[in-house]
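Residues per chain, in single letters:
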Amino acid sequence: MKRSALSSVAALLCVLLSGCMVGPKYTKPSVPLAPEFKEATPQSFKEADGWKLAHPSDQKLRGKWWELFNDPQLNALEEQVDPANQTLKAAEANFRAARANIKFNRANEAPTLSVGPSIGAVRDSANQPYFSKANVNNGTGSFTLPIDLNYEVDLWGKIRRGVTSAREQAQASAADMETARLSLHAELAIDYFSLRSVDGQKKLLAETVKAYEDALQLTQARYDGGAAPLSDVAQARTQLQTAQVQETELGIQRAEFEHAIAILIGKPPARLTIAAIPVTVQEPTLPTIPGVLPSQLLERRPDIAADERRMASANEQIGIAQAAFYPTLDLSASAGFMGTSALNWFEWPSRFFAVGPTLTQTVFDHGRRSASSDIALAQYDATVADYRQTSLTAFQQVEDNLVAMRVLETEAKQQREATESALQSLDLFNTRYEGGVDTYLQVVTSQTAALQNERNDIDITRRRLEASVLLIKALGGGWDTSQLPKL
């Protein structure tokens, strides 16, 4: 009988210490999904075009995704982002702070012990009311060493939910760090390809300036020989000077891209010089990017993962707010030694202790707890909307860059044909002008058209490379939720 009573008491203590959980159980909300991306159809892309359909075992897109472009200079720059970029360092510091917050919340799972030794003297006033003068002393020593214990029993899961919420916030912070990392690497790649595009434009304009100088010499010679009017010389000079202005203007763009790259790798702009590497127009290096399905994208985007973890954390806050409607059980104890002098301070008769539980229930707070619960519910709804909006935006970004890659592939072929036609036309009008058949105005018009088409060639190449980078970024850059830290 006695053993049965002890077992019952032990079971009751276990229930009290473990408690139960109030509040909703977290379930990940759904997101509007399509079975596949609209632009990722077998007819739209072939593997040679830089895209192929996904397979469940496809694992080609990994952390160092920029290596898919096979550009050693780009690889060397990208490797400098992680150890030196200040934005990434700030994101990493925020993650460390969020991880430390888990320890802070876990501390509530254990009792709090405090020690407050004190030494003093106390003398009672003989003239105080209702005081016996027989008890008057000349000052009594007070030597106290109290040890206090306080522990809140987690009856309703408030403390456990606080720890879980902090863990989920830390995982969200880790995903934020990966989002920042992905964005910074993508930004560097885009700036790098833009710089190479400017180098291609400068190379083209340098060649154009040389050709226009030759044309000016030709018109000057024809004018000196009486075979051409002075207007031809003026037009040739104008074309040359315009091309020189355009070439000079590109110096500003190149410097700005180089400066932006320097900041991304944590260097002052004065300490970085990138050699000119003109982009290749005819056969740009476009990576073969493994595709994913819309449902898989939810697990591959760190920004989606961050919103999902914040949503889970907000769900825990609902439970914490609801726990405030239930009573709080605190266990407290105090023990120690108290003496009148240092000689008897730690003697056994100087010991004292006090122990006992306290059950507290708020009876009236004029709607404060209800308001807190409403706030938690509203904040959870906001995180759900953010999660769904981020997911929809991710689908849009993938679709946008899929269609950009497909259309730009066709546009590049059309532009190359237009450039070839413009160059043929320029050769034809140059020959006709030298033969005295056409005026120099026809040459000027052909020169302008040829230069514009060649510059378009370079710009389309830049846009194709940029679309490839943005597609990789939209797919998460090879990241997935399995890389979230287990905290």
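None of these values were measured; they are calculated from a predicted model.

The rules we used
Residues numbered from 1 in each chain as written. Predicted model: local features only at pLDDT ≥ 70, side-chain atom pairs only at ≥ 80, totals over all residues. Heavy atoms only, no water. Patch = residues over 30% accessible without salt bridge, like charges linked within 9 Å, V, L, I, M, F, W, Y side chains within 5 Å. Areas by Shrake-Rupley, 256 points an atom, 1.4 Å probe, with all protein chains shown as cover. Salt bridge = Lys/Arg side-chain N within 4 Å of Asp/Glu carboxyl O. Helix = DSSP H or I, 4+ residues; strand = E, 2+ residues; numbered from the N terminus. Buried < 20%, exposed > 50% of the residue type's maximum accessible area, 1.4 Å probe, protein only. Polar contact = N/O pair within 3.5 Å; in protein donor to acceptor, adjacent residues only side chain to side chain. Contact = heavy atoms within 4.5 Å. Phe/Tyr/Trp six-rings, centres within 6.5 Å; stacked < 30°, edge-to-face > 60°. Lys NZ or Arg CZ within 6 Å of the ring centre and 35° of its normal. Axes fitted to C-alpha atoms, helices over the stretch in contact; angles between N-to-C directions. Parallel < 35°, antiparallel > 145°, perpendicular 65-115°, else oblique. Nonpolar A, V, L, I, M, F, W, Y, C, P; charged D, E, K, R; others polar. Expected span 1.5 Å × (residues − 1). Pairing = 2+ DSSP bridges. Arc of directions from axis to C-beta. pLDDT = per-residue confidence, 0-100.

Enquirer: Sorry if this is basic, but what is going on with a nonpolar patch on the surface here?
Expert: Taken together, the side chains of Leu-113, Val-115 and Ile-147 make up a nonpolar region of the molecular surface, amounting to roughly 300 Å² of accessible area. Mapped onto the fold, Leu-113 is located in strand 2 (residues 112–115).

Enquirer: Mind showing me how you'd approach the side chain of Asn-85 here?
Expert: Assignment of secondary structure puts Asn-85 in the loop between helix 3 (81–84) and helix 4 (86–106). On the basis of relative accessible area, Asn-85 is assigned to the buried category, the value being 3%. For Asn-85, the side chain forms a polar contact with the main-chain oxygen of Leu-264, separated by 2.8 Å. Setting aside anything within four residues of it in sequence, one finds Asn-85 in contact with Gln-80, Leu-184, Ile-263 and Leu-264.

Enquirer: Looking at this structure, I do not really get the packing of aromatic side chains. What am I missing?
Expert: Both the distance between ring centres and the angle between the ring planes are used here to describe each pair of aromatic rings. Counted under the stated rule, the structure contains 9 aromatic pairs. Ring geometry for Trp-65 and Trp-66: centres 5.5 Å apart, planes at 75 degrees, overall edge-to-face. Accessibility assignment for this pair places Trp-65 and Trp-66 in one class, buried. Considering the side-chain rings of Tyr-433 and Tyr-440, the 5.0 Å spacing of their centres and the 65 degrees angle between planes classify their relative orientation as edge-to-face. Residue Tyr-433 is classed as buried on the basis of its relative accessible area of 2%. Taken together, the aromatic side chains of Phe-143, Phe-337, Trp-345 and Phe-346 make up a single cluster linked through ring pairs. One cation-aromatic arrangement involves Arg-222 over Tyr-433; the distance from NZ or CZ to the ring centre is 4.6 Å.

Enquirer: Is there a simple way to think about the environment of Arg-167 in this case?
Expert: By the secondary structure assignment, Arg-167 is in helix 5 (residues 158–224). We classify Arg-167 as partly exposed; its relative accessible area is 24%. Sequence separation between Arg-167 and Arg-99 is 68 residues; the distance between their C-alpha atoms is 7.2 Å. With residues near it in sequence (within four places) discarded, Arg-167 still touches Ile-102, Arg-106 and Leu-487.

Enquirer: What am I meant to see in the environment of Arg-406 here?
Expert: Along the chain, the position of Arg-406 falls in helix 9 (residues 368–434). Here the alpha-carbon distance between Arg-406 and Ala-467, two residues 61 residues apart in the chain, equals 9.9 Å.

Enquirer: When you look at the packing of helix 4 against helix 5 in this model, what are you seeing that I'm missing?
Expert: With their axes 8 Å apart at the nearest point, helix 4 and helix 5 run at an angle of 170 degrees to one another. In terms of orientation, helix 4 lies roughly antiparallel with respect to helix 5. Grouping the constituent residues of the contact of helix 4 with helix 5 by class yields 13 nonpolar, 7 polar and 5 charged.

Enquirer: When you look at helix 10 (residues 440–474) in this model, what are you seeing that I'm missing?
Expert: Working note: α-helix, 3.6 residues per turn, so residues spaced by three or four point in the same direction. Taking 1.5 Å as the rise per residue, helix 10 with 35 residues should run 51 Å; its terminal C-alpha atoms sit 50 Å apart, in good agreement. Just downstream of helix 10 lies Gly-476, where phi reads positive at about 95 degrees.

Enquirer: Looking at this structure, how should I read the pairing of strand 6 (residues 328–339)?
Expert: Moving residue by residue along a regular strand, the side chains alternate between the two faces of the sheet. As defined by bridge partners, strand 4 (residues 140–153) adjoins strand 6 across 11 bridges and the pair is classed as antiparallel. The residue bridging Asp-148 from the neighbouring strand is Ser-334, located in strand 6. Pairing between strand 6 and strand 7 (residues 351–360): 10 bridges, direction antiparallel. Of the residues in strand 7, the one forming a bridge with Ala-333 is Val-355.

Enquirer: Help me out: how do you make sense of the pattern of salt bridges in this one?
Expert: Two side chains with opposite charge may pair up if their charged atoms get near one another. What the rule picks out here adds up to 24 salt bridges. Notably, a salt bridge pairs Glu-152 with Lys-158, separated by 3.2 Å at the nearest N-O pair. A residue is classified by how much of its surface remains accessible, and Lys-158, at 32% relative accessible area, is partly exposed. A salt bridge links Lys-203 to Glu-207, with the nearest nitrogen and oxygen atoms 2.9 Å apart. Taken together, the positions of Lys-203 and Glu-207, both in helix 5 and 4 residues apart, correspond to about one turn of that helix. Look at Glu-207 and you get partly exposed, because its relative accessible area is 45%. Overlapping salt bridges bring together Asp-82, Glu-178 and Arg-181 as one network.

Enquirer: What is the right way to read unusual backbone geometry from this model?
Expert: Glycine aside, the phi torsion of most residues is negative, and most peptide linkages are trans. One non-glycine residue, Asn-70, lies in the positive phi region at around 55 degrees. Its place among the elements puts Asn-70 in the loop between strand 1 (51–52) and helix 2 (72–78). Note on Asn-70: relative accessible area 62%, which makes it exposed. Backbone geometry places His-366, a non-glycine residue, at a positive phi of 60 degrees. Mapped onto the elements of the fold, His-366 is located in the loop between strand 7 and helix 9.

Enquirer: I tried to follow the side chain of Arg-301 on my own but got confused; where do I start?
Expert: Relative to the elements of secondary structure, Arg-301 occurs in the loop between helix 7 (294–300) and helix 8 (302–323). In terms of polar contacts, Arg-301 uses its side chain to reach the side chain of Asp-303, at 2.8 Å. For Arg-301, the residues in contact, after removing those within four places along its chain, are Ala-394, Gln-397, Lys-473, Ala-474, Leu-475, Gly-476 and Trp-479.

Enquirer: Explain helix 4 to me, please; I cannot follow it from the model alone.
Expert: With 21 residues, helix 4 should cover 30 Å at 1.5 Å per step; its first-to-last C-alpha distance of 31 Å lies within 8% of that length. Among the residues of helix 4, Leu-88, Ala-91, Phe-95, Ala-98, Ile-102 and Asn-105 are the ones counted as buried. The arc that holds the buried residues of helix 4, viewed along the axis, is 95 degrees, so those residues lie on one side. Exposed residues pointing more than 90 degrees away from the buried face of helix 4 are listed as Gln-86, Lys-103 and Phe-104.

Enquirer: When you look at the confidence of the model for the protein chain in this model, what are you seeing that I'm missing?
Expert: Detailed conclusions should not be drawn from predicted coordinates in areas where pLDDT is low. Taken as a whole, the protein chain shows an average pLDDT of 88; of its residues, 90% reach a score of 70 or greater. Low pLDDT, under 50, characterises residues 41–59; the stretch is placed with 42 contacts to residues that sit more than four places away or in other chains.

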